[in-house]
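Okay, here's what each chain looks like letter by letter:
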Amino acid sequence: MEPGPSCRSSASYDPPMVPAAGNSYGSRGEVQIPRDVKTHFRVCRFIMESGVKLGMHSVPVATACVLYHNFFKCVNLSVYEPYLVAMSCVYLAGKVEEQHIRTRDIINVSHRYFNSGSPPLECDKEFWDLRDSVVKCELLILRQLNFQVSFEHPHKYLLHYLMTVRSLVNRHAWSRCPIAETSWALLRDCYHGSMCIRHRPQHIAIATLYLALTSYGVELPVGEKHWWQVLCEGVTKAHLDTVISDLLQLYDMEAKCV
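Computed from a prediction, not measured in an experiment: that's the story for all the values here. (Residues numbered from 1 in each chain as written. Predicted model: local features only at pLDDT ≥ 70, side-chain atom pairs only at ≥ 80, totals over all residues. Heavy atoms only, no water.)

Description of the packing of aromatic side chains
- Applying the stated criterion to the full structure yields 11 aromatic pairs.
- Ring geometry for Phe46 versus Tyr113: centroids 4.9 Å apart, planes at 70°, classification edge-to-face. Note that Phe46 is positioned in helix α1 (residues 35-53) and Tyr113 in helix α4 (residues 103-114), a separation of 67 residues in sequence.
- Relative accessible area serves as the criterion here: at 1%, Phe46 is assigned to the buried category.
- Centroid distance Tyr210 to Trp227: 6.3 Å. Interplanar angle 25°. Geometry classified as stacked. Taken together, the residues span a long stretch of sequence, with Tyr210 in helix α10 (residues 201-215) and Trp227 in helix α11 (residues 227-231) at a distance of 17 residues.
- The ring of Phe127 is capped by Arg104, whose NZ or CZ atom sits 5.2 Å from the centre of that ring. (Phe/Tyr/Trp six-rings, centres within 6.5 Å; stacked < 30°, edge-to-face > 60°. Helix = DSSP H or I, 4+ residues; strand = E, 2+ residues; numbered from the N terminus. Buried < 20%, exposed > 50% of the residue type's maximum accessible area, 1.4 Å probe, protein only. Lys NZ or Arg CZ within 6 Å of the ring centre and 35° of its normal.)

Notes on unusual backbone geometry
- For Glu98, which is not glycine, the phi torsion reads 60° and is therefore positive.
- For Glu98, the position within the fold is in the loop between α3 (82-96) and α4.
- Phi at Phe147 is positive, roughly 60°, even though this residue is not glycine.
- Relative to the helices and strands, Phe147 is located in the loop between α5 (125-144) and α6 (155-166).

Below, the structure is given as structure tokens:
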């Protein structure tokens, strides 16, 4: 996961680090990450990369990740094959967000992901069995989630926040550092973990923008309230710290999931 093009920052952010949900500390103080959390991280990376190869927009990919996380919030990982569930989530997300993706394309992209350089699958029994599995798994996901498959994402909030903040920031500082690109990259990376369903979309959006601005040392005018309190009613510094801490732990986990 790359948070965006490099730009020399004049400040850094160091939130209070607490174990994410399900994590614990080892004997030497390092955070012990459960195996299922690592698996979900890898599978969501598969969803992201497959979405890019399938030409999916950012919101359908985000919906696929939320479907995946919500499904495994209800069921045990050992019962279902996570990559098959992921393929079905991509298929279902395309329908939900009105960017329909053919099952054949999903299967071929997935096959190439696990078998680099191999030709597309022939339309033989193996292909049709896999296609049937994807469709049946889609129905399973729908039933497990009680057909609640429409979600509110942080994307629209981040777009609004970026447009507002840009009008307040010195234009030279804005053009010098890729605040928008970094914020969008941070937002995308939030979907690698269950934090995308544990936090309100407004809090995720404002936290990613806050982290991007702070990382590059870009300051906004000071008033009676902090800028993030003005843009996002009800958000507190504790909310920002929690979201950013969860995101930074995802980046730390990336090195352990190679």
